[in-house]
Amino acid sequence: MKANWEDAPERFHPASAPDYVPVPLMQELQLARLQCIVRRAYAHVALFRQRMDERGLDPDAIKTLEDVAQLPFMVKADLRDTYPFGLFASPMHEVVRLHASSGTTGKPIVVAYTQQDLDVWSSVMVRTFAACGLTRGDIVQNAYGYGLFTGGLGAHYGAEVLGATVIPISGGNVDRQIMVMKDFGVTAICCTPSYFLHLLERATELGVDVRALPLRAGVFGAEPWSESMRRHIQTAGGIQAYDIYGLSEIIGPGAGAECCRLAWLQIFEDCFYPEIVDPETGRPLPAESEGELVLPTLSKHAMPMIRYRTRDITTLIAEPCPCGRTLRRVNRISRRSDDMLIIRGVNVFPSQVESALLAVEGTLPHYQIILTREKGLDEMEVQVEVTPEVFSDRVGALETLHHTLARALNQTVGIRVNVRLVAPHTITRSEGKARRVIDQRTLDR
Ligand SMILES: [Zn+2]
């Protein structure tokens, strides 16, 4: 097998085999794994057992995949409430790695991996990279943060197992990133889309044309980004920009990835069984409706998350991808219910603002949303950088752009938005996840 892979001219990695399993076989595997993981969680995780008992359920109740709907949900608060190790199903001597996500408030959430979990994580990351067209011989600049954050090490081991050359540069130090990208002949980069924008901009200042470098692919995740942002990145960077999906609670990066079709995230269903539920009621929704993505981990031993509510809003598509993978797909996730802003009673997602901004000529993909409250009324201001050409042009160009943007935003979000056009480089650049929203409304209550 190994010899075949090494000689194969096409970019198929054996780890990707589960992506192509016939659906009935996949379902058989999912059911067996679901039964196994439910038994494991029931035996070892007190919170899960208690919730099952309250519902009068025991692990034998899972006889078909549809029975998953009977199981209790797990939510982010469960991780905080049982901090640090309360959801572990493995004894500490079997746990070989801990990661933690930085909570914006209070304690972080802690996640654990056995050696087997790490192997699964590597394999789903291999499949992620393979789906993005990466292969042995690629030189991968891994600019995800290394450390407690799952992005860095998750991508690192996956790229190594793929057989690519990994540069574990982590985040930060933009000038060094550009030097390495250029001098080492980097062909693929992993980071947040906003950090890549930052790199592109700095490269231009340094006189480096990224489009002329061997870089051909960006594997972007860890923050929601829009289709307009993808178009911008692809043109400005001369690369294919792939969206990947994951979250620390589930595994880290590696829950799903786009393929060469650059549309839809294929969920690695043998490891994560996707469901869509109504975000308000938690009821399962019929096929192809938009709702909250729920992911039970089918193969995570140290910390099984059964029916984990991701807060990500998307649609599940059963029809397989034309690329030949049989996995179910979800629509690109550009909205997290956690990101939803309620402004004068209207629901607004930052990604809607992004799409509207980038659709208008003359803007740069650097923006910030500032929310204030004046006389009890919410005010939304969008600050966006404009191109140097527009900025240095006569006042007329700025005024026209201002008018166009105000109208576009008003139509998109449905409320009046104050637009402020600012000079290039005014808005603080992202060193990881971009800070798009500054909500000052609680301050003047
Ligand atoms: Zn595909």
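Just so we're clear, the structure is a prediction, and the values are computed from it rather than from any experiment.

Looking at this model, I keep getting lost on the coordination of the zinc ion. Mind explaining?
Expected angles at a metal are 109.5 degrees for tetrahedral coordination by four donors and either 90 or 180 degrees for octahedral coordination by six donors. Donor atoms from the polypeptide that bind the zinc ion are C259 (SG), Q266 (OE1), C321 (SG) and C323 (SG), placed at 2.2 to 2.3 Å. If you look at the zinc ion, its four donor atoms make angles of 103 to 117° with each other, and the shape they trace is tetrahedral. Look at C321 and you get buried, because its relative accessible area is 5%.

Explain the pattern of salt bridges here, please?
Under the counting rule described, the total for this entry stands at 27 salt bridges. D19 is paired through a salt bridge with R127; the nearest N and O atoms lie 2.7 Å apart. In this pair, D19 is assigned in the loop between α1 (2-7) and α2 (23-44) and R127 in helix α5 (residues 115-131), connecting sequence segments 108 residues apart. Each member of the pair, D19 as well as R127, is classed as buried. The residue R307 makes a salt bridge to E275 at a minimum N-O spacing of 2.8 Å. Taken together, the residues R307 in the loop between β11 (290-295) and β12 (308-317) and E275 in strand β10 (residues 275-277) connect sequence positions 32 residues apart. Judged by its relative accessible area of 2%, R307 is buried. The exposure class of E275 is buried, given its relative accessible area of 8%. What emerges from the salt-bridge pattern is a single network uniting E227, R230, D243, E258 and R332.

Just checking my understanding: could you explain the pairing of strand β17 (residues 363-374) for this structure?
Here is the key point about a regular strand: its side chains alternate between the two faces of the sheet. Of all the twelve residues making up β17, eleven are buried; the element is thus mostly covered by neighbouring parts of the structure. In terms of strand pairing, β17 meets strand β18 (residues 377-386) through nine bridges, oriented antiparallel. The residue of β18 that forms the bridge with E374 is L377. Hairpin remark: β17 followed by β18, antiparallel, with two residues in the connecting loop; positive phi at K375, about 50°.

What is the right way to look at the packing of aromatic side chains in this model?
The relative placement of two aromatic rings is captured by the distance of their centres and the angle of their planes. According to the stated counting rule, one finds six aromatic pairs in the structure shown. Considering the side-chain rings of Y113 and W121, the 4.8 Å spacing of their centres and the 5° angle between planes classify their relative orientation as stacked. Residue Y113 is classed as buried on the basis of its relative accessible area, which comes to 0%. Members of the aromatic cluster, connected to one another through ring pairs, are F196, F220 and W225. Sitting over the ring of Y113, K300 keeps its end group 4.7 Å from the ring centre. Taking the ring centre of F73 as reference, the NZ or CZ of R309 above it sits at 4.8 Å.

What am I meant to see in helix α3 (residues 46-54) here?
What sets the pattern is the α-helix's 3.6 residues per turn: residues three or four places apart point alike. All of the buried residues in α3 are L47, F48 and M52. Buried positions in α3, seen along its axis, are confined to an arc of 135° and lie on one side of it. Of the surrounding elements, those touching the buried residues of α3 are α2 and α4 (76-81). A positive backbone phi angle near 70° is found at G56, which sits one or two residues after α3.

Can you help me understand the environment of A255 in this one?
Inspection of the secondary structure puts A255 in strand β8 (residues 252-257). Here A255 falls in the buried class, since its relative accessible area comes to 0%. C-alpha of A255 to C-alpha of R307: the two residues are 52 residues apart in sequence and 14 Å apart in space. Contact partners of A255, with chain neighbours within four places excluded, come to Y245, G246, Q266, I267, F268, F272 and L295.

Would you explain the packing of helix α10 (residues 350-358) against helix α12 (residues 395-413) in this entry?
In helix packing, the relevant descriptors are the interaxial angle and the interaxial distance, both defined with respect to the helix axes. Between α10 and α12, the least distance of the axes is 9 Å, while the angle of their chain directions is 145°. Handedness of the α10/α12 crossing: right-handed. Of the residues in α12, those in contact with Q352, V353, A356 and L357 of α10 are L405, A408, L409, T412 and V413. Tallied by class, residues from the contact of α10 with α12 come to seven nonpolar, two polar and no charged.

How do you make sense of the packing of helix α7 (residues 174-183) against helix α8 (residues 193-205) when you look at a structure like this?
It is at 10 Å that the axes of α7 and α8 come closest, and there the two elements cross at 80°. Regarding the angle of α7 to α8, the classification is roughly perpendicular. Residue-level contacts link V174, D175, Q177, I178 and M181 of α7 to Y195, F196, H198, L199, R202 and A203 of α8. Each residue belonging to the contact of α7 with α8 can be placed in one class, and the counts come to seven nonpolar, two polar and two charged.

Reading the values: rules and limits
- Residues numbered from 1 in each chain as written.
- Predicted model: local features only at pLDDT ≥ 70, side-chain atom pairs only at ≥ 80, totals over all residues.
- Heavy atoms only, no water.
- Donors = N, O, S within 2.8 Å, 3.2 Å for Na, K, Ca; no water.
- Tetrahedral: all angles 85-135°; square planar, octahedral: opposite > 155°, others 65-115°.
- Buried < 20%, exposed > 50% of the residue type's maximum accessible area, 1.4 Å probe, protein only.
- Salt bridge = Lys/Arg side-chain N within 4 Å of Asp/Glu carboxyl O.
- Helix = DSSP H or I, 4+ residues; strand = E, 2+ residues; numbered from the N terminus.
- Pairing = 2+ DSSP bridges.
- Phe/Tyr/Trp six-rings, centres within 6.5 Å; stacked < 30°, edge-to-face > 60°.
- Lys NZ or Arg CZ within 6 Å of the ring centre and 35° of its normal.
- Arc of directions from axis to C-beta.
- Contact = heavy atoms within 4.5 Å.
- Axes fitted to C-alpha atoms, helices over the stretch in contact; angles between N-to-C directions.
- Left-handed = near helix turned anticlockwise from the far one by under 90°.
- Nonpolar A, V, L, I, M, F, W, Y, C, P; charged D, E, K, R; others polar.
- Parallel < 35°, antiparallel > 145°, perpendicular 65-115°, else oblique.

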